[in-house]
Amino acid sequence: MFDFAINLFVLLAFSFAVSCVSYAFEVWIQPGHIFQRYGRWLQQHHDKHWSKPLGLCVLCQNVWLEVIAFNIALIALGQVESSWWMVLVAPFVGNAWLRVVLK
């Protein structure tokens, strides 16, 4: 039970950190910021199916960042067998952080 509580805390904390990165990137691609050229490029290609996960939609982008970040973290920590469920839950938790706390 204690391991589950630790995993839940790690899920919430790490998911919040990844959501902050997603939100920061959304701000950085706006005009007048560091990645504005990338943001303009995404706007020019808004009709392509791949533009949303690459940053045009912060929620779509966050799903992919959560899955990638949790896979890398679990593989690096050697916890894939015991904490695989975190990869499935992380996108939902991350998008909840984006909608409730960060916006």
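The coordinates are above.
No experiment lies behind these values; they were computed from the predicted model shown.

Chemist: Quick one: what's the story with the packing of helix α1 (residues 2-28) against helix α6 (residues 85-102), residue by residue and with numbers?
Modeler: For the pair α1 and α6, the least separation of the axes is 8 Å and the interaxial angle reads 55°. It follows from the interaxial angle that α1 and α6 lie oblique. Both α1 and α6 take part in a crossing whose hand is right-handed. In this structure, α1 uses Phe-4, Asn-7, Val-10, Leu-11, Leu-12, Ser-15, Phe-16, Ser-19, Cys-20 and Tyr-23 to contact α6, whose residues at the interface are Trp-85, Met-86, Val-89, Ala-90, Val-93, Gly-94, Trp-97, Leu-98, Val-101 and Leu-102. Split into classes, the residues belonging to the contact of α1 with α6 amount to 16 nonpolar, four polar and no charged.

Chemist: Go over the packing of aromatic side chains with me, naming the residues and quoting the values.
Modeler: In the structure shown here, the tally under the stated rule is eight aromatic pairs. Note on Phe-14 and Phe-70: the rings are 4.9 Å apart at their centroids and 75° apart in plane angle, and the pair reads as edge-to-face. In this pair, Phe-14 sits in helix α1 while Phe-70 sits in helix α4 (residues 58-77), placing the two residues 56 residues apart along the sequence. Residue classification places Phe-14 among the partly exposed positions, given a relative accessible area of 30%. On the basis of relative accessibility, which here comes to 2%, the residue Phe-70 falls in the buried class. Ring centres of Phe-25 and Tyr-38 lie 5.8 Å apart, and the angle between their planes is 55°; this geometry places the pair in the tilted category. A residue pair is termed long-range when its members are at least 10 positions apart, and Phe-25 in helix α1 and Tyr-38 in helix α2 (residues 36-44) qualify at 13 residues. Overall, the relative accessible area of 17% leaves Phe-25 in the buried class. Exposure remark for Tyr-38: the relative accessible area of 26% places this residue in the partly exposed category. By way of ring pairs, the aromatic residues Phe-25, Trp-28, Phe-35, Tyr-38, Trp-41 and Trp-50 are connected into one cluster.

Chemist: Outline the packing of α1 against α4, supporting the account with residue identities and numerical values.
Modeler: Between α1 and α4, whose axes approach to 9 Å, the crossing angle comes to 135°. With respect to each other, α1 and α4 are oriented oblique. The chirality of how α1 crosses α4 is right-handed. Across the interface between the two elements, Leu-11, Phe-14, Ser-15, Val-18, Ser-19, Ser-22, Tyr-23, Phe-25 and Glu-26 from α1 touch Val-58, Gln-61, Asn-62, Leu-65, Glu-66, Ala-69, Phe-70 and Ala-73 from α4. Residues of the contact of α1 with α4, tallied by class, amount to 10 nonpolar, five polar and two charged.

The rules we used
- Residues numbered from 1 in each chain as written.
- Predicted model: local features only at pLDDT ≥ 70, side-chain atom pairs only at ≥ 80, totals over all residues.
- Heavy atoms only, no water.
- Axes fitted to C-alpha atoms, helices over the stretch in contact; angles between N-to-C directions.
- Helix = DSSP H or I, 4+ residues; strand = E, 2+ residues; numbered from the N terminus.
- Parallel < 35°, antiparallel > 145°, perpendicular 65-115°, else oblique.
- Left-handed = near helix turned anticlockwise from the far one by under 90°.
- Contact = heavy atoms within 4.5 Å.
- Nonpolar A, V, L, I, M, F, W, Y, C, P; charged D, E, K, R; others polar.
- Phe/Tyr/Trp six-rings, centres within 6.5 Å; stacked < 30°, edge-to-face > 60°.
- Buried < 20%, exposed > 50% of the residue type's maximum accessible area, 1.4 Å probe, protein only.

These figures capture arrangement, not role.
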